[in-house]
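Summary of structural features
Next come the chains, spelled out residue by residue.
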Amino acid sequence: MNIEIKSGRVIDPANEMDAEASVYVSDGKIAAVGTVPEGFQADQVIDASGCIVSPGFIDLCAHMREPGYEYKGTVASETFAAVKGGFTAVCCPPDSSPVNDSEAVTNLILDLAGRAGFAKVYPVGALTKGLKGQQLSEVYSLKQAGCVGVGNSGHPVVSLSVMKRCCEYAKTHDVSVFVRPEDASLASDGCVHEGAVATRLGLSGIPVLAETVAVSQLVLLSEETGAHLHLSQLTSARSVELVADAKRRGIRVTADVSAQHLVLTDEAVSGFDSQFHCRPPFRSELDRQALIKGLRDGTLDAVCSQHQPHEAAAKQAPFAESEAGSSSLEMVLPLLLSLERESLLPLDILVRSLSSGPAGILVKDGGSLSVGGNADICIFDPAKKWLVEESSIKSAGKNTPWIGAELQGLVQTTIVDGRVVYA
Amino acid sequence: MTQPTEPNRLQLNEQGRLRHFLTLDGLNREILTEILDTADSFIEVGERSIKKVPLLRGKTVVNLFFEASTRTRSTFELAAKRLSADVLNLNISTSATSKGESLSDTLQNLEAMASDMFVVRHSQSGAPHFIAESVTPKVSIINAGDGRHAHPTQAMLDMLTIRQHKGHFEGLKVAIVGDILHSRVARSQIRALNTLGVDEVRVIAPNTLLPVDIESLGASVFNSMKDGLDDVDVIIMLRLQKERMEGALLPSEHEFYELYGLTTEKLKYAKPDAIVMHPGPINRGVEIESAVADGPQSVILNQVTNGIAVRMAVMSMAMSGQTAAISTSS
């Protein structure tokens, strides 16, 4: 199967390319960019006029909900939402039921993803058995089964001593450790950013300190053990500083931020709308600006969706009692494009944050349009406006604060391993 | 792209009249003054031999208390009955939700009983907002205290008491003392006092009992009673729950009383004609000395009396705004 994608603006940060060119796909691989390969006969021609052709997006954190929470979403429904959002691969955290702490669960997820045939799924295995934070899980076996890293998915690890052992063991087998930094005792029963809005609304706050204390500890653990620690979903200016300093010192840490934290602040929760209930919480405007700057200067390596589909009832409760998280795979691109239009985020960095950035963290093929690489491609129209309605969301989770909003930027075609999986 | 929800989108109708009473946030001085004036006019009802007016005749008011409170529930019940409403008292914490029913399910059942007004107390901040969003537009919601967020009728009865004793708000200095961190009353009082134009609102507490950025609500912070009470016209003591005495918030009842308990001695820091208020129930010897609580400067019992009048005012105004909103939309 040969595909020619013509007349699009090709942005491929990994190869420092930003030019109008054709992309040629042959047998699931990128055959050429710009110059037609010898003897190439296109079976399908995609006109990408007015669109941007980029590497397929890679998401570092998207909950698939399967196995165990099929009433919130399935691997099939959420990988379809992923390709609608331009993602050709998604990492799923281990907090399924049963927890992904065994080869069997990893195999099940990979099998479900293969059968669905939409985005690739890269499972993140459990760092500790049952995510209970006490006993190291079989990290080596999980890696062999196909996990791209291990993590505890927001569940606390009982002590720094256990965390140190986890890092040492992960380093032994060269497995990345994914951590959402949050000190459980400081976060306590908080549900929003500790600040003026929390005080006004009388909601329990999660202080920035809960994150920065954890980041500091994790940086030191990485320095001490040599393990690669990936810090997920940072929210604060001070964390960005700590990561920048760690990177300057050559410590093996990488970091990402969710698209929502780049566009929302704690002011969003002013009306107690549970659709804005998010963990970690949205922070201050100063934090938001620092996160954008951190993404621009490379301190932050990637943007993730932090996709958390829920059934309707999960949000039908008073704010603190509602479940945190939103369905966001399909909103990432338009949210980031809104920053591009505000001149806060250049287009090449936007694409890098969703392609070569996460690919580098995962040490995976993809994230570029390099000749010979897998043909994972996203074609999107940055000017196309669309109304977010429940019916337009492909995810099983309709829990998004953007229902009723008009967003700009729409994926036209997504190609995975040379197959058009969304158009 | 931030899209915060405007609090008044919910609680005001198209004419800017109350249809729910959820928070004092965003309510202007005119509305607060109207509540006080209306309440003033209802005080006389309580002095009659037949203590009833027909404003809510034929209406059904449901007291939905998800958190126990005898005093507040009783004053709401009395207020509704004096307005001639039919009143149903439901203590939800010991019934439906304890059997696993969700709040949404409970509300649907109550709506099916054709209620006109829910008076809601809930341990979660924002619960009345959630209920106002969830129920049919025909039902009016009155917040009787939610989590740490707001207790707007308590704040308004405090305002009525201050106005009765001081005659005005301009130029007044008001101190609120004690557990500001957990107090929905304090948050609503700070909002009301600033809207009504007092000169200064002070909060006095150790830092462990102060929420972050309390200054952003329009209050100045004091850690000492001597400095904080200096020259104030009104002292509002807050109730301190005994469980706060444990753990890391406070070292002991003794030390709290020593530093922040309102005694005859400490009362002298304030203006000689300062009034002393307390939302009740009082912990004598913990946050206030008996001699002060029962003394000539105490207006604590006036607050209780005013509670009924203020709740009558708010209920009648909200029901009127609700009826207007429904007739406009239909």
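Above this text sits the structure in question.
Report follows, based on the coordinates. Because the structure is a prediction, the values reported are computed rather than measured.

1. So, the nonpolar core
All names here are of chain A.
- By size, the foremost hydrophobic cluster in this structure holds 97 residues, and its most contacted members are Leu 262, Val 303, Leu 336, Leu 350 and Trp 402.
- In terms of residues, this core owes the most to one element, helix H11 (residues 332-341), which gives 6 residues.
- Those residues within four positions of Leu 262 in sequence are excluded, and the remaining contacts are Val 257, Arg 288, Leu 291, Ile 292, Leu 295, Val 303, Leu 336 and Leu 339.

2. Points about the pattern of salt bridges
- Under the counting rule described, the total for this entry stands at 36 salt bridges over all chains.
- Glu 311 of chain A is the salt-bridge partner of Lys 72 of chain A, the closest N and O atoms lying 2.8 Å from each other. Separated by 239 residues along the polypeptide, Lys 72 of chain A in the loop between strand E6 (57-59) and helix H1 (75-84) and Glu 311 of chain A in the loop between strand E15 (302-304) and H11 bring together distant segments of the chain.
- Residue Lys 72 of chain A is classed as buried on the basis of its relative accessible area, which comes to 4%.
- Lys 173 of chain B serves as the salt-bridge partner of Asp 231 of chain B, at 3.7 Å between the closest nitrogen and oxygen. Here the residue Asp 231 of chain B occupies a position in the loop between helix H8 (225-229) and strand E8 (234-237), and Lys 173 of chain B occupies one in strand E5 (residues 173-177), the gap between them amounting to 58 residues.

3. Considerations on the sheet that holds E5 of chain B
All names here are of chain B.
- Strand order across the open sheet formed by 5 strands is E7-E6-E5-E8-E9, with parallel pairing between neighbours. Edge positions in the sheet fall to strand E7 (220-222) and strand E9 (275-277), since each of these pairs with one other strand and no more. On average, adjacent strands in this sheet sit at an angle of 20 degrees to one another, irrespective of strand direction.
- Sheet topology note: the E8/E9 ladder contains 3 bridges and is parallel. What sits directly across from Ile 236, in E9, is Met 277.
- Packing of helix H6 (residues 152-166) onto the sheet brings it into contact with E8 and E9, and relative to E9 it is tilted by some 165 degrees.

4. A few points about unusual backbone geometry
- Backbone torsion omega between Arg 279 of chain A and Pro 280 of chain A reads 0 degrees, so that peptide bond is classified as cis.
- Residues Gly 280 of chain B and Pro 281 of chain B are joined by a peptide bond in cis, for which omega reads -10 degrees.
- Here Pro 281 of chain B lies in the loop between E9 and helix H11 (290-293).
- Phi angles above zero are rare outside glycine, and Phe 272 of chain A is one such case at about 60 degrees.
- Examined against the element boundaries, Phe 272 of chain A turns out to sit in the loop between helix H9 (259-263) and helix H10 (285-296).
- Look at Phe 272 of chain A and you get buried, because its relative accessible area is 8%.
- Notably, Gln 306 of chain A is not glycine yet its phi reads approximately 55 degrees, a positive angle.
- If you trace the backbone, Gln 306 of chain A turns up in the loop between E15 and H11.
- Given a relative accessible area of 1%, Gln 306 of chain A falls into the buried group.

5. Some thoughts on the environment of Gly 409 of chain A
Residues and elements named next belong to chain A.
- Here Gly 409 shows up in strand E17 (residues 406-416).
- Considered as a pair, Gly 409 and Leu 333 are 76 residues apart in the sequence and their alpha carbons are 6.6 Å apart.
- When residues no more than four places from it in sequence are discounted, the contact partners of Gly 409 are Pro 334, Leu 337, Asp 381, Pro 382, Lys 384 and Trp 386.

6. A word on the side chain of His 307 of chain A
Residue and element names in this part refer to chain A.
- Within the fold, His 307 resides in the loop between E15 and H11.
- We classify His 307 as buried; its relative accessible area is 0%.
- Among the polar contacts made by the side chain of His 307, one reaches the side chain of Glu 78 at a distance of 2.6 Å.
- Setting aside anything within four residues of it in sequence, one finds His 307 in contact with Cys 61, Ala 62, His 63, Glu 78, Ser 326, Ser 327, Ser 328, Leu 329 and Ser 395.

7. As for the packing of helix H4 (residues 103-111) of chain B against helix H5 (residues 127-134) of chain B
Residue and element names in this part refer to chain B.
- Remark: H4 packs on H5, axes separated minimally by 11 Å, with the N-to-C direction vectors making an angle of 55 degrees. Here H4 lies oblique to H5, going by the angle between them. As for how H4 packs across H5, the hand of that crossing is right-handed. Contacts from Leu 103, Ser 104, Leu 107 and Glu 111 of H4 reach H5 at Phe 130, Ile 131 and Ser 134.
- Tallied by class, residues from the contact of H4 with H5 come to 4 nonpolar, 2 polar and 1 charged.

8. Notes on the interface of chain B and chain A
- Chain B puts 25 residues into the contact, and the matching count from chain A is 32 residues.
- Carbon and sulfur atoms make up 60% of the area that chain B and chain A hide from each other, which totals about 2200 Å².
- With a shortest N-O distance of 3.5 Å, Arg 200 of chain A and Asp 25 of chain B are connected by a salt bridge.
- Applying the counting rule to chain B against chain A returns 4 residue pairs in polar contact (both at pLDDT 80 or more).
- Within the residue set of the side of chain B that touches chain A, elements represented by two or more residues are H4, H5 and helix H7 (184-196) of chain B.
- The biggest single contributor to the side of chain B that touches chain A is H5 of chain B, with 3 residues.

9. Let's talk about the sheet that holds E6 of chain A
Residues and elements named next belong to chain A.
- If you trace the 8 strands from one edge of the open sheet to the other, you get E6-E7-E8-E9-E10-E13-E14-E15, paired in parallel fashion. The outermost strands of the open sheet, each flanked by one partner alone, are E6 and E15. Within the sheet, the average angular offset between the axes of one strand and its neighbour, ignoring direction, is 30 degrees.
- In the sheet, strand E7 (residues 87-92) pairs with strand E8 (residues 120-126) via 4 bridges, with the strands oriented parallel. Paired with Cys 91 across the strands is Tyr 122, a residue of E8.
- In the packing of helix H12 (residues 347-354) onto the sheet, contacts are made with E6, E7 and E15, and the angle to E15 comes to roughly 65 degrees.

Basis of the calculations
Sequence order as written defines residue numbering, which begins from 1 separately in each chain. A letter from A marks each chain and a number from 1 marks each ligand, given out in the order of writing. Reporting of local features is limited, given that this is a predicted model, to residues whose pLDDT is at least 70; pairs of side-chain atoms are given and counted only at 80 or more, and all residues count toward the totals for whole chains, interfaces and linings. Hydrogens and water molecules were not included; the side-chain quantities draw on all heavy atoms of the structure. To form a nonpolar core, buried Ala, Val, Leu, Ile, Met, Phe, Trp, Tyr and Cys residues must be joined to one another through side-chain atoms within 4.5 Å. Throughout this description, buried means an accessible area under 20% of the type-specific maximum (1.4 Å probe, protein chains only), exposed means over 50%, and partly exposed covers the range between. Secondary structure follows DSSP: runs of H or I at least 4 residues long count as helices, runs of E at least 2 residues long count as strands, and numbering of each begins at the N terminus. It only takes one pair of heavy atoms within 4.5 Å for two residues to be counted as in contact. For this analysis, a salt bridge means a side-chain nitrogen from Lys or Arg found within 4 Å of a carboxyl oxygen belonging to Asp or Glu. Note on pairing: two strands pair once DSSP finds at least 2 bridges between them. Only C-alpha atoms enter the line fits that serve as axes; for helices the fit covers just the stretch in contact. Angles between N-to-C directions range over 0 to 180 degrees. Pairing of N or O atoms within 3.5 Å defines a polar contact, subject to two protein rules: one partner must be a possible hydrogen donor and the other a possible acceptor, and residues neighboring in sequence count only if both atoms are side-chain atoms. Any angle that falls under 35 degrees is termed roughly parallel, while one over 145 is termed roughly antiparallel, one within 65 to 115 roughly perpendicular, and all others oblique. Handedness of a crossing follows from how the near helix is turned relative to the far one, being left-handed for an anticlockwise turn of less than a right angle and right-handed for a clockwise one. Lys, Arg, Asp and Glu make up the charged group, whereas Ala, Val, Leu, Ile, Met, Phe, Trp, Tyr, Cys and Pro make up the nonpolar group; the residues left over, Gly among them, are polar. Throughout, the accessible surface (probe 1.4 Å) given up by two parts as they are put together, summed over both, is called the buried area.

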